[in-house]
Amino acid sequence: MSLLEIKNLHVKVDGNEILKGIDLTVNAGEVHSIMGPNGSGKSTLAQVLARRDAYNVTEGSVTLDGKDLLAMKPEEAACEGVFLAFQYPVEIPGIGNTYFLRSALNAQRKHRGLDEMDAMDFLPMFREKLALLEMDDKLMNRSLNEGFSGGEKKRNEILQMAVLEPKLAILDETDSGLDIDALRIVANGVNSLRSPERAMVVVTHYQRLLDYIVPDFVHVLVDGRIVRSGGKELALELEEKGYGWTEKELAGARG
Amino acid sequence: MTAVAQLESWLENFTEAERSAPGRALPWLKKLREDAFARFCEAGFPTTKDEDWRFTNVSAIARTQFRSARPAKLAKSEAAARRVEGAAAQIVLVNGRHAPELSSLKNLPKGVTVASLAELIDRDPATLEKHLGRYASQERDAFVALNTAFLAEGAYIHVARGVVVDAPIVLLYLTTEEDAPTVTHPRNLIVAEDESQVAVIEDYVSIGGESVAFSNAVTELVAGENAHVQHYLIEREHLKAFNVSTLRIEQGRSANVASHSVLLGGGLVRNNVHPVLAGEGGECLINGLFLGTGRQHLDNYMHVEHAAPHCGSRQFYNGILDGQAHGVFHGRIVVHKAAQKTDAKQTNRNLLLSDDAQIDTKPQLEIYADDVKCTHGATIGQIEENALFYLQSRGISESEARKLLLMAFAEECVDRMHSTAAREHVVRLIRGHLLFMESVSAPAKGELEERVMEEVG
Ligand SMILES: Nc1ncnc2c1ncn2[C@@H]1O[C@H](COP(=O)(O)OP(=O)(O)OP(=O)(O)O)[C@@H](O)[C@H]1O
Ligand SMILES: [Mg+2]
């Protein structure tokens, strides 16, 4: 059984069809990259997998470990091991980073029948992850993402992922806006989580990230459809030629 | 009840009260009460035609025939269960009467007096005469007039010059269930002399089943030069309660006063806060939080008067309204001609959790000086879907995520509270109340789903 199986997924937002029949299978241990032009539906796919309910699935199915993912609420999907690193992480004043993360971890542990972690157990583990992402622990005393720079927000997403240890991590443009040092740190954090039990779906516009997080598969999403899939060389080809040729191909396929 | 029958009923109560009132032989006090009653009879209860009461209909109070609340005995555990952890002293009043056996007034530092007002009227009325009834205006407000007419029971707090009390002093007002609608008129006088420092918590609680009860409270707070005073009002009575509270603050030179209001309970609540910055360089913080559900009506009427130069006032009120609750924030700022260099700020933020919840927010600036800075702003919004999804996407349940976001919104107000004991007390109450609000609104949502199912099926 595959970890994630998406079949003929159609999604509407505000009455417009954004995803027009996506098929994608991701096995444990694999890293898939999704590339594609602006507005092609990459974030929509990511958010649907994280179960945002503003997105209306009109057709198709998605299973996670054989369970119907589309029947889950966002928190259930999270507890079942789905993690989305947001393209635009949300600032939430008044909720502390550390408190939030421990609450989230404990909610997930509870779901899995594990004991809650108290602060004494949590902190040493948390410090380790902070060090991994070279993050200043002073940031953690602040409210969730409040006043964080773009790069700090992205690093905070990966920090959360490192703490929550998901089965399926979806990274939505985690590299956008990062300078090369931050990119290395983030990629290092992501790579440290690669394991045979864990899969990743990495949405990006840039080959640069894929130098650090080397994918097993690359998919090209154009206008709500996966128009090409291939190995890591496909990313290089895209970098060279742009998406123009995939679109032409798509038009050819249609016409 | 006709208007005449109403007055007759109040007159009956008044005559009865006057017969046994403390200090009934004191001419000044007798006159204060009688003038106030006359004023009340003349004015009658306000209507929504009155600009100050536009959003709040008190006909439910006007219509009801109240009798004075009866004395009741409560077990120590009842009061103990409601006490504020870490208080310096606590005076408990049950159905408006001082209950010495439930109060703890020992361990107060030297220079601090906490006493029952009624007892002090008997023992040492001269001390009271200077301040009592001098500030709260009966002319403007029929409820203040009514309270003054029945002035008898309440608390008196005096902090001598330069004395600092660290922990808060608590006035706990408990009302018990009765077989007819009852009224109490709590009256408090807080005098903080020059350079003193004190925090006072007024906490209104109902005990037992829900019977109609009306608390018509007035507190006069006098802050001397450079005094630092915090006042907390906590309303957590049951949903059949009426509560009209007036806090009148008189601030001396460079005095620093904070008024914190936390409205959780009560069916019909009017919270009047009226600071007068009467000395140069005074600072006043007017901070509040109101959480309403069901058919609660929570009205906050701020009347901030700048009467001297170089004073600052900051108003922050946050409201959360669910069900068919109706919130009001009326922020009136009056800057007198002499009050140059006034810096007055007002912010009211609201979250509406249901389509039927309602908020009326109204700034009212009256500025007679020419060199002043006055700003005001109000927002009305919902829980942010983005934030909710973000929290849920990490595994936190929707209901928990909602409460976290609401708590964060409420804590904007809590964070402005200086006293740790008050803060912890208030946070505990807010947490409990958010759970209550959720439990009230949850079945309604269930019903709604059922209805939708029926329509579909
Ligand atoms: N909430 C929404 N309401 C209306 N339209 C939306 C909404 N969210 C996304 N869309 C539309 O859906 C399409 C796909 O958007 P999506 O964010 O998935 O693209 P993307 O591939 O992630 O683009 P980018 O590379 O710019 O991040 C766009 O045309 C966008 O305008
Ligand atoms: Mg996107």
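The shown structure was predicted, so the numbers you read here are calculated from the model rather than taken from an experiment. For every chain, the first residue of the written sequence is number 1, and numbering continues from 1 onward in sequence order. For naming, the first written chain is A and the first written ligand is 1, with later ones following in the order written. Given that this is a predicted model, residues contribute local features only at a pLDDT of at least 70 and side-chain atom pairs are listed and counted only at 80 or more, while totals for whole chains, interfaces and linings are drawn from all residues. Only hydrogens and water are set aside when side-chain values are computed; all heavy atoms of the structure are taken into account.

### A look at the sheet that holds strand S10 (residues 199–203) of chain A
Residues and elements named next belong to chain A. Two strands pair if DSSP finds at least two bridges between them. Every helix listed is a DSSP run of H or I at least four residues long, and every strand listed is a run of E at least two residues long, numbered separately from the N terminus. Taken together, 6 strands build an open sheet; the order of strands is S6-S9-S10-S3-S11-S12 and the sheet is mixed. Whereas interior strands pair on both sides, the edge strands pair on one side only; in this sheet they are strand S6 (82–85) and strand S12 (225–230). Going from strand to strand, the sheet's axes swing by 20 degrees on average, the running direction of each strand aside. The sheet contact formed by strand S9 (residues 168–172) and S10 spans 5 bridges and is parallel. The residue of S10 that forms the bridge with Leu 168 is Ala 199. Against the sheet, helix H1 (residues 42–49) makes contact with strand S3 (31–35), S6, S9, S10 and strand S11 (217–222), and its axis sits at roughly 150 degrees relative to S9, the strand it touches most. Note on method: axes are straight lines fitted to C-alpha atoms, helices fitted across the in-contact stretch only, with angles between N-to-C directions ranging 0 to 180 degrees. Two residues qualify as a contact provided that any one of their heavy atoms is within 4.5 Å of a heavy atom in the partner residue.

### Here we look at the sheet that holds strand S3 (residues 97–98) of chain B
Residue and element names in this part refer to chain B. Overall, mixed pairing links the 10 strands, which are arranged S3-S2-S6-S9-S11-S13-S15-S17-S19-S21 in an open sheet. The sheet is open, and its two edges are formed by S3 and strand S21 (373–381), each paired on a single side. Taken together, the 10 bridges between strand S15 (residues 283–292) and strand S17 (residues 312–321) define a ladder with parallel strand orientation. For Cys 284, the partnering residue across the bridge sits in S17 and is Ser 313.

### Some words on the packing of helix H5 (residues 150–164) of chain A against helix H6 (residues 180–192) of chain A
All names here are of chain A. Running from amino to carboxyl end, H5 crosses H6 at an angle of 15 degrees, the nearest separation of the two axes being 10 Å. As summarised for this structure, H5 and H6 are arranged roughly parallel, according to the angle between their axes. At the point where H5 passes H6, the crossing takes the left-handed sense. Together, Arg 155, Ile 158 and Met 161 of H5 and Ile 185, Val 186, Gly 189 and Val 190 of H6 make up the contact between the two elements. Each residue gets one label: Ala, Val, Leu, Ile, Met, Phe, Trp, Tyr, Cys and Pro are nonpolar, Asp, Glu, Lys and Arg are charged, and the others, such as Gly, are polar. Looking at the contact of H5 with H6 residue by residue, the class counts come to 5 nonpolar, 1 polar and 1 charged. Throughout, the term roughly parallel applies to angles under 35 degrees, roughly antiparallel to angles over 145, roughly perpendicular to angles from 65 to 115, and oblique to all others. The handedness criterion is simple: a crossing whose near helix is rotated anticlockwise from the far helix by less than a right angle is left-handed, and one whose near helix is rotated clockwise is right-handed.

### Examining the site of ligand 1
Residues and elements named next belong to chain A. Residue proximity to a molecule or strand is established when one non-hydrogen atom of the residue lies within 4 Å of it. Lining the immediate surroundings of ligand 1 are 15 residues, of which Gly 39, Lys 42, Ser 43, Thr 44 and His 205 lie closest. Definition of a polar contact: a pair of N or O atoms within 3.5 Å, with one able to donate and the other able to accept a hydrogen when the atoms are protein atoms, and with sequence-neighbouring residues admitted only if both atoms are side-chain atoms. At a separation of 3.1 Å, a nitrogen atom of ligand 1 approaches a polar side-chain atom of Asp 14. One nitrogen or oxygen atom from the side chain of His 205 is found 2.8 Å from an oxygen atom belonging to ligand 1. When the residues that make up the shell around ligand 1 are grouped by side-chain class, the tally is 4 nonpolar, 8 polar and 3 charged.

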